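Residues per chain, in single letters:
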Amino acid sequence: MESEQLFRRGYYRNSYNSITSASSDEELLDGAGVIMDFQTSEDDNLLDGDASVGTHYTMTNGGSINSSTHLLDLLDEPIPGVGTYDDFHTIDWVREKCKDRERHRRINSKKKESAWEMAKSLYDAWSGWLVVTLTGLASGALAGLIDIAADWMTDLKEGICLDALWFNHEQCCWGSNKTTFEERDKCPQWKTWAELIIGQAEGPGSYIMNYIMYIFWALSFAFLAVSLVKVFAPYACGSGIPEIKTILSGFIIRGYLGKWTLMIKTITLVLAVASGLSLGKEGPLVHVACCCGNIFSYLFPKYSTNEAKKREVLSAASAAGVSVAFGAPIGGVLFSLEEVSYYFPLKTLWRSFFAALVAAFVLRSINPFGNSRLVLFYVEYHTPWYLFELFPFILLGVFGGLWGAFFIRANIAWCRRRKSTKFGKYPVLEVIIVAAVTAVIAFPNPYTRLNTSELIKQLFTDCGPLESSSLCDYRNDMNASKIVDIPDRPAGTGVYSAIWQLCLALIFKIIMTVFTFGIKVPSGLFIPSMAIGAIAGRIVGIAVEQLAYYHHDWFIFKEWCEVGADCITPGLYAMVGAAACLGGVTRMTVSLVVIVFELTGGLEYIVPLMAAVMTSKWVGDAFGREGIYEAHIRLNGYPFLDAKEEFTHTTLAADVMRPRRSDPPLAVLTQDNMTVEDIENLINETSYNGFPVIMSKESQRLVGFALRRDLTIAIESARKKQEGIVGSSRVCFAQHTPSLPAESPRPLKLRSILDMSPFTVTDHTPMEIVVDIFRKLGLRQCLVTHNGRLLGIITKKDILRHMAQTANQDPASIMFN
């Protein structure tokens, strides 16, 4: 049935040409924004309308910029709804910027008239700083709440604090006088479930009972999380970053950044992290911060009525999200600039910096981890690194790139299979199965049983005199220990045991992360990727440390690593490995290095980090240039033109435009020869998002472009508010109404809703220039002319199809999913 509909609309025609030309004018306008199939006939029609056969205009290149006043030639009485957008459509960046300039000029022209107008002008000028301040405050507060709640619920799987139920394990034992240095995590106030239920603290019965309760709580948290997402806020699942990148590029997804999504995402993020699934909260915190930014933007008319300005707030909000996720305000700003933002003017840079600062300050005030740090795994190293160590650092970069390439391919293949099989119809069952497998396998291994952030903390931490974990079980040499405080030492049995457990944990994390990312609960990728890299890095670090200890006379160690000296820091290798693996998955570079640098607070480790991150990016790019977020954008069919992707083909605009030679002509409006009934019939018979307005069918000279939505709203409003408007009323888009017979009904003037300056290119314009124009100006469509006469139209959807075709991909396989 579905394929039959697609066939009727032209998607399954024999040639690619017919695929691209199968629709009509509506797509024109929203070719970009309507690229997803949301399983309704209306949306399906919208999909088709992108660059359809029907809208050619004749504008001049750049006319949109030079003629901004004409673009918003407002009605004497503005019609409510004109200039707004439907769900799953793309905004018109040029029109939104022109609207904002017009608003700004209007406010400035009135500010000297009275004190009230001056106050309104000041309020308008400061509203940007107010909204990012509120966003930063809310993001920091919610991040602190999530951190505290997730820690408490994670420990709830193992036991409970009888004296104060709201304390987690560590807080419960802070005030105890009965703890020992070796067993600092054991205190009489903290009771495991085995002690509470069967009264045994040790033995096989205790182990089995704790095992059962661990699985029970993990399944309970996972079931509650997926149920809340499914019932109340389906948009709360996943990390949210692919969708936020798409929204920031101009796409509209109603409800994705709404209050219900914020509330459910905050609650279910705590549950998902506490369930022990191989996911993190850092990515979803960006979504949470963007929800805050979107909600607060509605308090200020400057942002609530302008979609382009609203996206400036969302860019600042994403910076605040990373700031509280990693305690890295500068890294958050760079993340917003490098990874998610599509339009990032200098003013947005300053406001992003301020939002990240406010969010970090609030989180620091809350102090969720009790260590005066913004993240659990903050570390400081004091041992310098040596030139020889660049070789293992680069090897870790290679591992990170290979892991990233493997993960992207495996995860996308699994997500595609989930979409195309019955398994995807049962999201609750999938989450329960993944949570059960994770809990059953994770409990026996102490490194997988740990909260992932706690695991990263252990792997990052250097072995000092106060460390009691098995990773620091070295044999002490008393003679050597007199030379320095903590020299390189031979590994003890605990270290070798820990390495085997870490190897098993590495395999477990790699496999489970592939199946976990993309399930219907909030799931971030930063922490699992960092954990995988940290495990690999710690293993490599211990290996290099032992090599240096036993072979200190080798020429590579001889110059700088003397007997009894502290040469190698395994924790540093874990940190470099974490950065390399995260870089391999996301393909971040500058922002990632700064984030990890802010985590460690050590400037001298920037070179190893840069070497590893760049190596992981080069290795990953050798297998495919897409990061995981771009891959998910393409999988979901979002209309996103990646600025990082190069277009090197030598095609021309005439090769891509529609209509093609075999297609019907464009559906157009004439400036003064059509009646209201003619336009209503055209709207009802087609599914295009807009129509070009020409002087006459014979001349094909362009007057402007009218949106379908604006036409519909304007005609409905005129019928209600203006007397004498009937079906036979002449519609006039010209500046002056033509002379009509005396008995004719009253004409309807719609010039005010006309875009007088649509973008045009000639038919010989190279497509690489056209693609560049679309990326940099955020266009939805561009008209193609020859000697001033309209030939066709190119929409964002046409460009995405063409790029898929040039990459030897089936356009239908990446669109409308």
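What you are looking at is a predicted structure, and each value in this text was computed from that prediction instead of being measured.

Scoring rules and cut-offs
- Residues numbered from 1 in each chain as written.
- Predicted model: local features only at pLDDT ≥ 70, side-chain atom pairs only at ≥ 80, totals over all residues.
- Heavy atoms only, no water.
- Pairing = 2+ DSSP bridges.
- Helix = DSSP H or I, 4+ residues; strand = E, 2+ residues; numbered from the N terminus.
- Buried < 20%, exposed > 50% of the residue type's maximum accessible area, 1.4 Å probe, protein only.
- Axes fitted to C-alpha atoms, helices over the stretch in contact; angles between N-to-C directions.
- Parallel < 35°, antiparallel > 145°, perpendicular 65-115°, else oblique.
- Left-handed = near helix turned anticlockwise from the far one by under 90°.
- Contact = heavy atoms within 4.5 Å.
- Nonpolar A, V, L, I, M, F, W, Y, C, P; charged D, E, K, R; others polar.
- Patch = residues over 30% accessible without salt bridge, like charges linked within 9 Å, V, L, I, M, F, W, Y side chains within 5 Å.
- Areas by Shrake-Rupley, 256 points an atom, 1.4 Å probe, with all protein chains shown as cover.
- Salt bridge = Lys/Arg side-chain N within 4 Å of Asp/Glu carboxyl O.
- Disulfide = S-S within 2.5 Å.
- pLDDT = per-residue confidence, 0-100.
- Core = buried A, V, L, I, M, F, W, Y, C linked by side-chain atoms within 4.5 Å.
- 1 Å grid on protein atoms, 1.4 Å probe; cavity = no way out; pocket = protein on both sides within 12 Å on 5 of 7 lines; lining within 4 Å.
- Points joined across faces, edges and corners; volume = space filled by probe spheres on them.

Concerning the sheet that holds strand S4 (residues 674–675)
Backbone-to-backbone hydrogen bonds pair the strands of a sheet. The strands run either parallel or antiparallel. Spatial ordering of the open sheet is given by S4-S7-S8, a layout of three strands whose pairing is mixed. Lying at the two open borders of the sheet, with one neighbouring strand each, are S4 and strand S8 (748–749). Looking at chain direction, S4 and strand S7 (residues 730–732) are connected through two bridges and run antiparallel. Bridge assignment links threonine 675 to a residue of S7, and that residue is arginine 730.

What about the pairing of strand S6 (residues 702–707)?
Counted residue by residue, S6 has six buried out of six residues, so it is predominantly covered. As defined by bridge partners, strand S5 (residues 690–694) adjoins S6 across five bridges and the pair is classed as antiparallel. Of the residues in S6, the one forming a bridge with proline 692 is phenylalanine 705.

Some thoughts on the sheet that holds strand S3 (residues 669–670)
Taken in spatial order, the three strands line up as S3-S5-S6 in an open sheet, and their pairing is mixed. For this open sheet the edge positions go to S3 and S6, each flanked by a neighbour on one side alone.

Considerations on the packing of helix H17 (residues 329–340) against helix H28 (residues 590–600)
For the pair H17 and H28, the least separation of the axes is 8 Å and the interaxial angle reads 165°. For the element pair H17 / H28, the angle class is roughly antiparallel. Considering the relative orientation of H17 and H28, their crossing is left-handed. Here H17 contributes Pro329, Ile330, Gly331, Leu334, Phe335 and Glu338 to the contact with H28, which in turn contributes Val590, Ser591, Val594, Ile595 and Glu598. Looking at the contact of H17 with H28, its residues break down into seven nonpolar, two polar and two charged.

Side note on a nonpolar patch on the surface
Judged by side-chain polarity, Tyr426, Leu429, Ile433, Val437, Val440 and Ile441 come together as a nonpolar surface patch covering roughly 500 Å² of accessible area. Relative to the assigned elements, tyrosine 426 resides in the loop between helix H19 (390–420) and helix H20 (427–442).

A few points about helix H35 (residues 796–806)
The buried count for H35 comes to nine of eleven residues, which makes it a mostly enclosed element. Of the positions making up H35, those classed as buried are Lys796, Lys797, Asp798, Ile799, Leu800, Arg801, His802, Met803 and Ala804. Among the residues trailing H35, asparagine 808 stands out with phi positive, at a value near 60°.

Concerning the pattern of salt bridges
Tallied over the entire structure, the rule returns 22 salt bridges. Across the pair lysine 281 and aspartate 147 runs a salt bridge, and its minimum N-O distance is 3.5 Å. Here the residue lysine 281 occupies a position in the loop between helix H13 (259–274) and helix H14 (282–297), and aspartate 147 occupies one in helix H8 (residues 115–156), the gap between them amounting to 134 residues. One network of salt bridges, with partners in common, ties together Arg254, Glu307, Lys310 and Arg311.

With respect to the side chain of asparagine 210
Its location among the elements puts asparagine 210 in helix H11 (residues 204–232). Beyond its immediate chain neighbours, meaning those up to four positions away, asparagine 210 contacts Glu158, Thr192, Trp193, Ala194 and Phe443.

A word on the packing of H19 against helix H27 (residues 570–586)
Two numbers describe how H19 lies on H27: the axes approach to 7 Å, and their chain directions differ by 35°. Remark: the crossing between H19 and H27 carries right-handed chirality. Taken together, the residues of H27 that come into contact with H19 (itself represented by Pro392, Phe393, Leu396, Gly397, Phe399, Gly400, Gly401, Trp403, Gly404, Phe407 and Ile408) are Leu572, Tyr573, Val576, Gly577, Ala580, Cys581, Gly584 and Val585.

Topic: unusual backbone geometry
Residue arginine 658 is joined to proline 659 through a cis peptide bond whose omega torsion reads 5°. Relative to the elements of secondary structure, proline 659 occurs in the loop between helix H31 (653–656) and S3. Positive phi values are uncommon outside glycine, yet phenylalanine 88 reaches one of about 60°. Looking at where phenylalanine 88 falls in the secondary structure, it is placed in the loop between helix H6 (68–71) and helix H7 (93–110). Using a relative accessible area of 9% as the deciding quantity, one classes phenylalanine 88 as buried.

Describing the state of the cysteines
Under the counting rule described, the total for this entry stands at one disulfide. There is a disulfide in this structure between cysteine 161 and cysteine 172, and the S-S distance comes to 2.1 Å. One disulfide, between cysteine 161 and cysteine 172, carries an S-S torsion of 80° and so falls in the right-handed class. Here cysteine 161, found in strand S1 (residues 159–161), pairs with cysteine 172, found in helix H9 (residues 169–172); they are eleven residues apart in sequence, far enough to count as distant. Here cysteine 161 and cysteine 172 have matching classes, each one buried.

Quick notes on the confidence of the model for the chain
Low pLDDT marks regions whose predicted coordinates should not be analysed in detail. Summing up the model confidence of the chain, the mean pLDDT is 81 and the portion of residues at 70 or higher is 85%. The model gives residues 1–76 a pLDDT under 50, and that stretch makes 275 contacts with residues more than four places away or in other chains. A low-confidence stretch, residues 479–485 (pLDDT under 50), is modelled with five contacts involving residues beyond four sequence positions or located in other chains.

Brief notes about the pairing of S5
Burial within S5 is extensive, with five of its five residues counted as buried. In this structure, S3 lies alongside S5, joined through two bridges in parallel fashion. By the bridge assignment for S5, threonine 670 is matched with isoleucine 694.

Topic: the nonpolar core
General note: in soluble globular proteins, nonpolar side chains tend to be found buried as a group. Membership of the largest hydrophobic core comes to 156 residues, with the highest contact counts inside it found for Phe326, Phe460, Val521 and Met530. Considering each element in turn, this core owes the most residues, twelve residues, to H11. With residues up to four places along the chain from it excluded, the contact list for phenylalanine 326 reads Glu282, Val375, Phe526, Met530, Ile595 and Leu599. Core analysis: the next-biggest nonpolar cluster, separate from the first, contains 25 residues, Ile79, Phe691, Ala714 and Val731 among them.

Topic: empty space enclosed by the protein
Taken as a whole and judged by the stated rule, the model has six cavities of 30 Å³ or more. For the largest cavity, the calculated volume is near 160 Å³. Breaking the lining of the largest cavity down by element, the ones donating at least two residues are helix H21 (446–449) and helix H22 (452–460). Of the residues assigned to the lining of the largest cavity, the class counts are six nonpolar, seven polar and five charged.

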